[in-house]
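Each chain is listed here by its residues.
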Amino acid sequence: MITSNITRRWGRSSLTILAIAISFSMLLSLSSISLGLHRASEEKLGESPRDIVVSSNGLNPTIENSHQLAQELSRNENFSAVMPLLTLLEKLVFDNSGRGDITTGTDITELEDVPLQTVGLVGIVPNLAEGFMSDEKELFVRSDILKFQDWFDRSGDPFFESGYTEDWTGEMLLDRTIMEDHNLKKGDQVYYVNGSGKVVSQFTIKGTIETSLVGSGLTSELLGGIAVVHLGELQFVSGNHRITGPDGVREDLSTTLYLDMDRDKRTVDQRKALTLELELMFPGLDVSSRENRLYRIDEEVLVLEVFSISVAVASISIGVLFLSSIMIIDVEDRRSDISIMRAIGISRRTIFLQTVMDSLVISSAGAMIGIVPGFFGSRLLNGYLQGLYGVNIQFASFEPGILMASLIYLILLVTLFSLIPAARATTIMPKSGMMKHYNR
Amino acid sequence: MVFAIASSLALLVTMSSLSVGVRESAREAIDNIGADVYVVPDSLNPILLDLQKFDQGWAIISELQESKYLPGHISPRLKDDLFFGMGPKVIADTIVHGVIPGDEVFFNQFQVVDGTWFTYQDDPVREAYLAGEEINNTLFTDEVLISEEMSRKYGIGPGDEISLSVRMGSEVRFNYLVRGVFIDSLSQRSISLLMHLGELQYLKGVITKDTLTEILLSYPDSIDTEEIISWSESQHFIFNGVVDLYTKSAFLSEVYKFTSILDGFSIIVISSTLIVCLIFTSTIFMISTRGRSMDLSILRAIGFSPGRIFLIILRDSFIYYSAGTILGIVLGLLFNQGLNIFLEGYFEGLPTNFRPFMLDINIIGWSILVALLLSLFSGLVPAFISARRSPVESIKGDL
Amino acid sequence: MEIELRKVSKTYRSGETYIKALSDIDLQIRGGELISIIGPSGSGKTTLMNVVGGLDKPTKGIVLLDGLDITGLSEGRLSSIRLRKFGFVFQQFYLLPTLTSFQNIYLPIKEARGFGQNGKDRALELLDKVGMKDRSKHLPSQLSGGEQQRVAIARALANDPPVILADEPTGELDSDNSRMIIDMLRDLNREMGKTVIIVTHDPEIARKSKRTIKMKDGKIT
C-alpha cells in the first residue's frame with residue numbers, strides 16, 4: 001500500500017525519481033570535491049617529518065649562512081635533524097640535440113631557436129635531506145611531494161665546502177615530465193641561464209624524480225617541472241652564494257630551513273615552545289610549526305570546500321523543493337481518495353505518515369539511481385580538474401562517508417519539506433473531497 | 001513551485017556571476033594600471049610578475065626606445081624585499097617596489113591616499129650608475145611611501161621614520177622618511193613599500209646588473225600595440241628569450257586561462273540544475289493540467305479552440321516562470337552581495353574592489369532567455385496533450 | 001439554422017468492448033424547433049446531442065449545418081462553430097469554479113469578440129435576463145443548483161447562438177427549479193426563435209416540447 005500511490009502514477013513518479021537522481025548525483029560529485037580538497041591538504045603535511053619550518057617571508061632567499069645555521073641548530077638537543085633548502089624559479093636549456101654551440105659562457109641571446117624552460121630549481125644538501133625523507137624516498141618541498149627514483153653520488157655539498165671555488169659536482173635530478181618532453185636521458189647536459197641570457201653553468205642529469213606535475217594543463221604554463229641540485233651549486237649559479245651590498249657581504253643564502261624534532265620530545269606543546277623560541281631568534285622570518293601549516297592549508301582550501309559544498313547543497317535543496325511542490329499537487333489530486341479513506345476511518349496520523357513515506361520512497365529511489373552517476377561524475381570532475389591544472393593530485397574523493405552523509409542529508413531534507421503536503425493531506429475532511437468539482 | 005524555480009535561477013545567476021566577476025575584476029585591475037604593454041621575463045606566465053627577474057634593464061629599454069614605436073611613458077620596476085624596522089627593532093621582511101617616481105606617475109597602480117608622492121621625481125642612484133659614476137648611499141633620497149595596510153597595522157604615517165636593512169640581523173640600517181601612504185590596486189591589503197628603484201637595486205647588490213622584474217610601457221593611441229608585439233619578436237632580447245612583451249589583452253588572456261576552471265564548473269552545475277528544473281516543472285504542469293482537464297473540456301465545449309487551450313497552458317507556464325525569474329534574479333543578486341562581503345574579508349592580496357561575484361546585464365538577459373525557454377519546454381507537452389483532448393472526454397468521464 | 005444527420009453511427013471503445021451508441025441515425029431539425037430527445041439510460045440520447053453540437057464526431061455518416069458538412073472539419077473550425085452557433089446547458093452545470101457568475105458568461109463573449117466594447121454590457125444583460133444580476137460577483141460554489149443552471153443558460157446565450165442544446169438540464173434540480181429552467185428554455189424558443197433541443201428522461205418535459213424524438217439502443221424509434 002505504501003508504494004501503490006507511486007506505482008499507480010508511474011509516469012510522474014519516474015520523472016520525479018529521475019530528477020531527484022540528477023540532483024543527488026550532483027550532491028555526491030560536488031561533495032567529493034570538497035572532501036578531495038580536504039584530503040589533499042591533509043596529505044601535504046602527512047608525509048614528511050617537518051616539525052618546524054623557517055622561511056623567507058618575501059620573494060628572495062634571506063636566510064644567511066644557512067649551512068652553518070643548520071649545523072648549529074642540529075646540535076641543539078631539541079632537534080634531531082635540520083636542513084637548509086633553496087627554491088627558485090629559473091631558466092634552463094636542455095641540449096640533447098648535440099648542437100655543440102652551447103657551453104658555459106655562451107650568450108644565448110646571440111643564438112637562434114634556443115629552447116629555454118622555466119623550472120623550479122631546488123637546492124638541497126643530500127645527506128641532510130635524507131633525514132627528512134620517507135621510506136619511499138619522498139621529500140616534501142613547498143606544496144609538492146618529490147619522489148626520488150635515483151639519488152646523488154656525492155652526498156654532501158662539496159662545492160660549498162670549498163668556498164664555492166672547486167669540486168663542482170654538476171649533479172642534477174630532473175623531473176620525469178621534463179625528461180620525457182625533451183627526450184632526455186641520464187648523462188645529458190643541462191645549462192643554467194642567468195637573467196642576462198648567459199649560460200653560467202652546466203649540470204649533468206644523474207637521475208629522475210617524480211612530482212605531481214604532469215607537464216600539461218595550467219600549471220605547465222607556470223612551471224615546466226622540478227630539478228634538484230646541490231645547494232651550494234644552486235646558490236652559486238643564482239648569485240645567492242655571495243652578495244655584496246652597502247652593508248657588507250651576505251653569504252650562503254637559502255629560502256627555508258626544515259627542523260625535525262627529537263622523537264621523544266615531539267609533542268604539540270614542545271613544538272609550540274620551540275616555534276616561539278625560533279621566532280625570537282629569527283625576527284622578520286616566517287616560523288611555522290606543523291599545526292600552523294595545517295591551519296594555513298586548511299584555510300586556503302576552506303573557501304573552495306565551502307563553495308563546493310554550498311553548491312551541492314543548493315542543488316539538492318532545489319530538487320527537494322520541487323519534490324515538495326509535486327507532493328502538494330499530488331495531495332490535491334488525491335483529495336477524493338483521501339476523503340474516502342477518512343470516511344472509512346483511516347486516521348489523520350496514517351495519512352500524514354503515508355504522505356511523508358511517499359516522499360521518502362521517491363527520493364530514496366532517486367538517490368539509489370543517483371549513486372552511480374554521482375560516482376562517475378566525481379571521477380569526471382577529478383579528471384577534468386587534473387587535466388586542467390596539470391597536476392596528479394586527487395581533487396575528488398568518493399568515499400562511503402560521503403555517500404552516507406549525503407543520504408542522511410537528503411532524508412532529513414525530504415522529511416522536513418514533506419511536512420507541508422503531509423499536513424495539507426490531514427486537513428481533508430471525509431466529505432469535502434467528494435465534492436471534487438468545487439473544492440479546488 | 002515559484003520558489004523552486006526562483007532557487008534554480010538564483011543558482012544560475014550566482015554561478016554565472018562568478019565567472020563574470022573574476023574576469024571583470026581582473027580586467028579592471030589590469031586597466032587600472034594604465035600600461036599598454038608589459039615587459040616580463042620570458043617563458044613565464046605574466047601573472048607571476050614577481051617570481052623571476054631579468055637583467056640589463058637599461059639595454060632592453062634602449063632597444064625599445066630605438067624602435068619606430070616610441071613609447072609614451074616607460075616605468076622600469078623591481079619588486080624585491082627588505083627588512084623594515086622602527087627604532088632599534090627589526091619588525092618584518094616586507095615587499096618593496098622599486099620605481100622611478102617621475103616615470104611611475106604616468107601609471108595608476110599605486111595611488112596616494114595620505115601624505116604626498118615622492119619629492120624627488122628622478123632616481124639619483126640609478127642615474128649615477130648609468131653615467132658610470134661612483135655610487136654610495138650619500139646619493140639616497142631617504143624617502144619612501146608605505147602601503148595603507150602597513151600604515152594601519154603598524155601605526156605609521158606620513159612624517160614618521162622607519163629603517164630599512166638588507167639582512168635580518170644587520171646593524172647597517174638606512175633611515176627613511178615616510179612621505180605618504182599608498183594603495184596598490186593589484187593587491188589591496190598588501191604590506192609593502194615604494195622606494196626609488198636605484199636605491200633598492202643598490203641595497204640588494206644588483207645595480208650593476210640593472211635587475212628588474214618588469215617594465216611598463218604606455219603608447220600613444222595612434223599606435224597599435226599588436227604591431228609592437230610583432231615587431232618585438234624580431235628584436236634581440238625579446239627574440240632570444242630574455243624577456244617577453246604582453247599587451248593588455250594578452251595579459252588578460254593569461255589570467256582568463258585560470259578563470260576558465262570556473263566556467264567549466266559553472267556550466268556543469270547550471271546545466272544539471274536546469275535539467276532538474278525542466279523535468280520537475282514539466283511533471284508539475286502535466287499533473288496540474290490533468291487536474292484541470294474538466295475546466296479545459298468545458299472551455300473546449302463552449303468554443304475555445306485547441307490552439308487557444310494550447311496557449312492557455314503555455315501562458316500559465318510562462319507566468320510561473322516569470323514570477324520565478326524575477327524572484328530568482330533578486331535572490332541571485334542578494335547571494336552575490338553576501339558572498340562578495342564574505343570573501344572580501346577572507347582573502348588578502350587581492351586587487352582593490354575585487355568582486356568575485358558580479359551580476360551584469362548579460363547575465364540577466366541570459367537568465368530571462370533561459371527561463372523563457374524552460375517555460376516553453378515545460379509547458380509544451382502538457383499543452384499539446386490538453387489541446388488534443390476531445391472536449392467530451394472529461395465531461396463524459398464525469399457522468 | 002437547419003441541422004441534418006445522415007446515416008450517423010457512433011461506436012465507442014470501452015476497454016476490450018465496442019459499444020454502439022448510435023446506429024444509422026437519420027434526422028432533420030428545422031430552425032426554431034423545440035425538440036425533446038427522450039429515452040432510457042444508455043439509449044444514446046446524450047451521444048446524439050454531442051454529435052449534433054459538434055462535441056463528438058460520428059464514426060459513420062455526416063452532420064450538416066445549413067448544408068455544411070461539419071464531420072470533416074478541423075477541431076479549430078468546430079470550436080468556432082460551437083462558440084457562435086451552439087449554446088450548451090449541462091446536467092451538472094459545468095460552470096468554471098474559479099470564475100464568478102459574470103466572468104463565466106463574459107468568457108465566451110470575450111473569446112468570440114463579437115460584441116467588441118459592449119461585451120461586458122452583454123454579459124450583465126444576460127445575467128439580468130436570467131434573474132441573476134445581483135449575484136454577478138458570486139462564485140458557483142456560492143450559488144444553489146438552480147442559480148447555477150440559470151447562469152449556465154445565460155452563458156449558453158452569450159454569443160446569441162441559433163441553437164441551444166440542453167443535456168438533462170434539470171437532472172440535478174428539485175421540481176420547482178426544474179420547472180423554472182424548462183420554462184426559461186421554452187421562452188428562448190418562443191420569444192427568441194431559437195432552436196432548443198432538450199435531452200431528458202422525464203416524459204413531463206417531453207410533453208412540453210413541440211416534437212419528441214424517442215431513442216432506444218442507439219436508434220430513433
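Definitions and cut-offs
Residues numbered from 1 in each chain as written. Chains lettered and ligands numbered in written order. Predicted model: local features only at pLDDT ≥ 70, side-chain atom pairs only at ≥ 80, totals over all residues. Helix = DSSP H or I, 4+ residues; strand = E, 2+ residues; numbered from the N terminus. Buried ≥ 20, exposed ≤ 12 C-beta atoms within 10 Å, placed from the backbone. Contact = placed C-beta atoms within 7 Å. Pairing = 2+ DSSP bridges. Axes fitted to C-alpha atoms, helices over the stretch in contact; angles between N-to-C directions. Nonpolar A, V, L, I, M, F, W, Y, C, P; charged D, E, K, R; others polar. Core = buried A, V, L, I, M, F, W, Y, C linked by C-beta atoms within 7 Å. Domains from an automatic or database assignment. Parallel < 35°, antiparallel > 145°, perpendicular 65-115°, else oblique. Left-handed = near helix turned anticlockwise from the far one by under 90°. Expected span 1.5 Å × (residues − 1). Bend = angle between axes of the 7 residues up to and from the residue. pLDDT = per-residue confidence, 0-100.

Tell me about the overall build of chain B, and please be specific about residues and values.
Along chain B, the regular secondary structure elements total 13 helices and ten strands. Within chain B, the proportion of its 399 residues that are buried is 50%. Here the analysis covers contacts within chain B between residues at least 6 apart in sequence; of these, 80% occur between residues at least 24 apart.

Give a description of the sheet that holds strand 4 (residues 60–65) of chain C that names residues and reports values.
All names here are of chain C. Sheet architecture is open: four strands sit in the order 2-1-4-5, paired in antiparallel fashion. Both edges of this open sheet fall to strand 2 (17–29) and strand 5 (68–69), since each of them pairs with a single strand only. Bridge count for strand 1 (residues 3–14) against strand 2 is nine bridges, and the pairing is antiparallel. Note that in strand 2 the partner of Val 8 across the bridge is Ile 25. Across the face of the sheet, helix 1 (residues 45–52) comes into contact with strand 1, strand 2 and strand 4 while running at roughly 60° to strand 2.

Any details on the interface of chain B and chain C? Residues and values, ideally.
Between chain B and chain C, the contact holds 14 residues from the first and 16 residues from the second. Put simply, the parts of the chain that give the side of chain B that touches chain C at least two residues each are helix 10 (293–301), helix 11 (306–344) and helix 13 (391–398) of chain B.

So what about the interface of chain A and chain B? Which residues, and what values?
Of the residues lining the interface, 58 residues belong to chain A; the matching set on chain B comes to 66 residues. For the side of chain A that touches chain B, the secondary-structure elements that each account for two or more residues are helix 2 (10–46), strand 2 (79–94), strand 3 (116–124), helix 7 (217–222), strand 10 (242–245), strand 11 (248–251), helix 10 (290–333) and helix 12 (348–389) of chain A. By residue number, the principal contributor to the side of chain A that touches chain B is helix 10 of chain A, which donates 14 residues. Partitioned by chemical class, the residues of the side of chain A that touches chain B number 27 nonpolar, 23 polar and eight charged.

Tell me about the environment of Phe 310 of chain B, and name the residues and values.
Residues and elements named next belong to chain B. Mapped onto the elements, Phe 310 comes out in helix 11. Taking the number of C-beta atoms within 10 Å as the measure of exposure, Phe 310 has 19 and is therefore partly exposed. Discounting chain neighbours no more than four positions away, the residues touching Phe 310 are Ala 383, Phe 384 and Ala 387.

Which residues make up the nonpolar core, and what values do they have?
Grouped together as the largest cluster of nonpolar side chains are 139 residues, with contacts concentrated most on Leu 323 of chain A together with Val 39 of chain B. Residue contributions to this core peak at 16 residues, all from helix 1 (residues 2–33) of chain B. Leave out the neighbours within four places in its chain, and Leu 323 of chain A touches Thr 16, Ile 20, Ser 359, Ile 362, Ser 363, Val 414 and Phe 417 of chain A. Ile 35, Leu 48, Ile 181 and Met 184 of chain C belong to the second-largest nonpolar core, a separate cluster that totals 73 residues.

Let's hear about the pairing of strand 1 of chain C: which residues, and what values?
Residue and element names in this part refer to chain C. The pairing of strand 1 with strand 4 spans five bridges and is classified as antiparallel. The residue of strand 4 that forms the bridge with Leu 5 is Val 63. Linking strand 1 back to strand 2 in an antiparallel pair, the connection comprises two residues, with Gly 15 at a positive phi of about 70°.

Please provide a residue-by-residue account of the domain arrangement of chain A, values included.
Considered domain by domain, chain A is made up of domain 1 (4–42 + 297–434) and domain 2 (52–265). Once you take the C-alpha centre of each, domain 1 of chain A and domain 2 of chain A turn out to be 52 Å apart.

Tell me about unusual backbone geometry, residues and numbers included.
Residue and element names in this part refer to chain C. We note that Asp 24 has phi near 50°; this positive angle belongs to a residue other than glycine. Looking at the secondary structure, you find Asp 24 in strand 2. Unlike most non-glycine residues, Asp 217 shows phi in positive territory, near 50°. As for its position among the elements, Asp 217 is in the loop between strand 9 (211–216) and strand 10 (219–220).

A description of the sheet that holds strand 10 of chain C should follow, citing residues and the corresponding values.
Residues and elements named next belong to chain C. Strand order across the open sheet formed by six strands is 6-7-8-3-9-10, with mixed pairing between neighbours. On the outer flanks of this sheet lie strand 6 (86–89) and strand 10, each paired with one strand and no other. Bridge count for strand 7 (residues 163–167) against strand 8 (residues 195–200) is five bridges, and the pairing is parallel. Of the residues in strand 8, the one forming a bridge with Leu 165 is Ile 197.

Break down the pairing of strand 2 (residues 73–86) of chain B for me, citing the residues and quoting the values.
Residues and elements named next belong to chain B. In terms of burial, strand 2 is a largely internal element, eleven of the 14 residues being buried. Here strand 2 pairs with strand 3 (residues 89–99) via nine bridges, running antiparallel. From the neighbouring strand, Phe 84 faces strand 3, where its bridge partner is Ala 92. Where strand 2 hands over to strand 3, the hairpin turn is made up of two residues, of which Gly 87 adopts a positive phi near 65°. As judged from the three bridges shared by strand 2 and strand 6 (residues 161–165), these two strands associate in the antiparallel manner. What sits directly across from Phe 84, in strand 6, is Leu 164.

Help me get a handle on the packing of helix 1 of chain B against helix 9 (residues 248–291) of chain B, residues and values and all.
Two quantities define a packed helix pair, namely the angle between the helix axes and the distance between the axes. Residues and elements named next belong to chain B. Helix 9 packs onto helix 1 with a crossing angle of 175° between their chain directions and a minimal axis gap of 9 Å. By the angle class used here, helix 1 and helix 9 are roughly antiparallel. Per-class residue counts for the contact of helix 1 with helix 9 are 17 nonpolar, seven polar and four charged.

Outline the packing of helix 1 of chain B against helix 12 (residues 361–388) of chain B, supporting the account with residue identities and numerical values.
Residues and elements named next belong to chain B. Between helix 1 and helix 12, the least distance of the axes is 10 Å, while the angle of their chain directions is 145°. Crossing geometry of helix 1 relative to helix 12 is assigned as right-handed. In this structure, helix 1 uses Leu 9, Leu 12, Val 13, Ser 16, Ser 17 and Val 20 to contact helix 12, whose residues at the interface are Ile 363, Trp 366, Ser 367, Val 370 and Ala 371.

Describe helix 12 of chain A, naming the residues involved and giving the relevant values.
Turn by turn, an α-helix covers 3.6 residues, leaving residues three or four places apart pointing in a common direction. Residues and elements named next belong to chain A. Over its 42 residues, helix 12 runs 57 Å from end to end, which matches the ideal 62 Å to within 8%, given 1.5 Å per residue. Bending of helix 12 peaks at approximately 35° at the position of Ile 371, with proline Pro 373 no more than four residues after it. Gly 390 sits one or two residues past helix 12 and shows a positive phi near 80°.

Before we move on, could you go through the confidence of the model for chain A and cite the residues and values that matter?
Any residue range with low pLDDT should be treated as having predicted coordinates unsuitable for detailed reading. The predicted model of chain A has a mean per-residue pLDDT of 83, with 89% of residues at 70 or higher. Every residue in residues 434–440 of chain A scores below 50 in pLDDT, and together they form eleven contacts with partners more than four places removed in sequence or on other chains.

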